[in-house]
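Topology and contacts: notes
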Amino acid sequence: MSGAGVDMACVECLRRCWLVGRLGAFIQVACDDRAGRRTPELLRLASEDLVAVVAPGQVDEMLDWSESLDEGDLKSQVEAAGCWCCCRHHESFPAGLFDGADAPPMLICRGGGVPLRELSPERSVTVVGSRRASGYGLEVAASLGRELAAAGLNVVSGLALGIDAAAHRGAMERGRTVAVLGSGADRPYPVSHTRLYREIVERGLVLSEQPPGTEARRWRFPARNRIMAALAGMTVVVEAASRSGSLITAEMATDAGREVGAVPGQVTARFATGTNDLIANGAALVRDARDVLDRLIGVGTDRPVLFGPELSPGSGRVLESIEQGCQTIDAVSMFSDRPVEEVAAHLTRLELQGYLHGTTTGTWSRTTLAAPYPSATDD
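Before going into details, it helps to say that this report is about the structure given with it. (Residues numbered from 1 in each chain as written. Predicted model: local features only at pLDDT ≥ 70, side-chain atom pairs only at ≥ 80, totals over all residues. Heavy atoms only, no water.)

Next up on the list: the pattern of salt bridges. This structure, assessed with the given rule, holds 15 salt bridges. For glutamate 342, the salt bridge goes to arginine 338, with nearest N and O atoms at 3.3 Å. Residues joined in a network through salt bridges with shared partners are Asp102, Glu209 and Arg226. (Salt bridge = Lys/Arg side-chain N within 4 Å of Asp/Glu carboxyl O.)

The following block contains the structure:
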């Protein structure tokens, strides 16, 4: 799609995209410490008004520069970056993005695993949460991504550390995922997720409203969040503290007329304060993919059962021990009546197979991946 994609954007939308990119530093100053609230307000403004607000001393200069941009040159820059683009005047532009006055005029994309025209609110779920996530949060995010993708939905997130990355990885195990960036679509952010970014480009879709080569700035993340919120029929927050960018995404989803869901957490956990507050204030309680499917598609929708690989001899009893509440090697050893050394080997194997999640403190917990019981190879 990269070759034809440059013909899916008009010159007016291309120029607006590059103008907002050039105004990045000015918008950052204008947003001050209220980026989450201020950014959408600014992006609603027409180009002349936007320049007048954020760079009042350079209105004529900026507008003349924007008008001088050549359509062919801009499209060549998109192609040179390995990207393609689509503006709001093309039939393939995602329908959900028309719901907001601050909608982006254009998207610059990489990858073709998720056609833009299929990125509709009815078939898409946004999963977001804390960058400093707990093991529990990471497992829930991965499970949601995995099960929602298996049900045929597009899993949307922001490529950030923590919950975002877990949701993307889970989704790619069974289906499709979309990463929305606060940088240019050709610049993975954070850089530590370059490998994940490349996997999504190969099998899914990466998109941004910023010109190629654009660096991440603080205001661009709330801007990115409003796109994620509008693309999906439901935004699910997995973990979030009381002051979190994920809560801004949830608020933007509500403003766009979308559903908001939250995963409950321990009442004493700081990173669950935001999600528990969302539930208390009326957000949908999300325990697994079925809760999302019930709200988005309809009650009674079958939840896909995801089975893992065949268990090796002895692993079934060890897995049963974890399911019965044993969390340490010693406890599993006593419950399963097996030597500690043998139990340790089974636990490691079960984690690699996706059945268990181990922590640095030496405890183990069960994932949602179903085992092919009964195991003919177990004793």
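Attention now goes to the side chain of threonine 275. Position of threonine 275 relative to the elements: it lies in helix 13 (residues 273-280). Only 3.0 Å separates the side chain of threonine 275 from the backbone oxygen of alanine 272, close enough to count as a polar contact. Excluding its chain neighbours within four sequence positions, the residues that come into contact with threonine 275 are Val237, Val238, Glu239, Ala240, Ala262 and Val263. (Helix = DSSP H or I, 4+ residues; strand = E, 2+ residues; numbered from the N terminus. Polar contact = N/O pair within 3.5 Å; in protein donor to acceptor, adjacent residues only side chain to side chain. Contact = heavy atoms within 4.5 Å.)

This brings us to the side chain of serine 134. By secondary structure assignment, the location of serine 134 is in the loop between strand 3 (124-128) and helix 8 (135-150). Judged by its relative accessible area of 14%, serine 134 is buried. Of note is the side chain of serine 134, whose polar atom sits 2.5 Å from the side chain of glutamate 239. Dropping the residues within four chain positions of it, serine 134 is found in contact with Glu239 and Phe271. (Buried < 20%, exposed > 50% of the residue type's maximum accessible area, 1.4 Å probe, protein only.)

Glancing now at the sheet that holds strand 9 (residues 284-285). Taken in spatial order, the nine strands line up as 1-2-6-5-4-3-7-8-9 in an open sheet, and their pairing is mixed. Sheet topology places strand 1 (84-87) and strand 9 at the edges, where each strand pairs with a single neighbour. As defined by bridge partners, strand 2 (residues 106-110) adjoins strand 6 (residues 205-208) across three bridges and the pair is classed as antiparallel. Directly across from arginine 110, in strand 6, lies its bridge partner valine 206. On top of the sheet, helix 2 (residues 11-22) reaches strand 1 and strand 2; it is set at about 80° to strand 2, its chief contact. (Pairing = 2+ DSSP bridges. Axes fitted to C-alpha atoms, helices over the stretch in contact; angles between N-to-C directions.)

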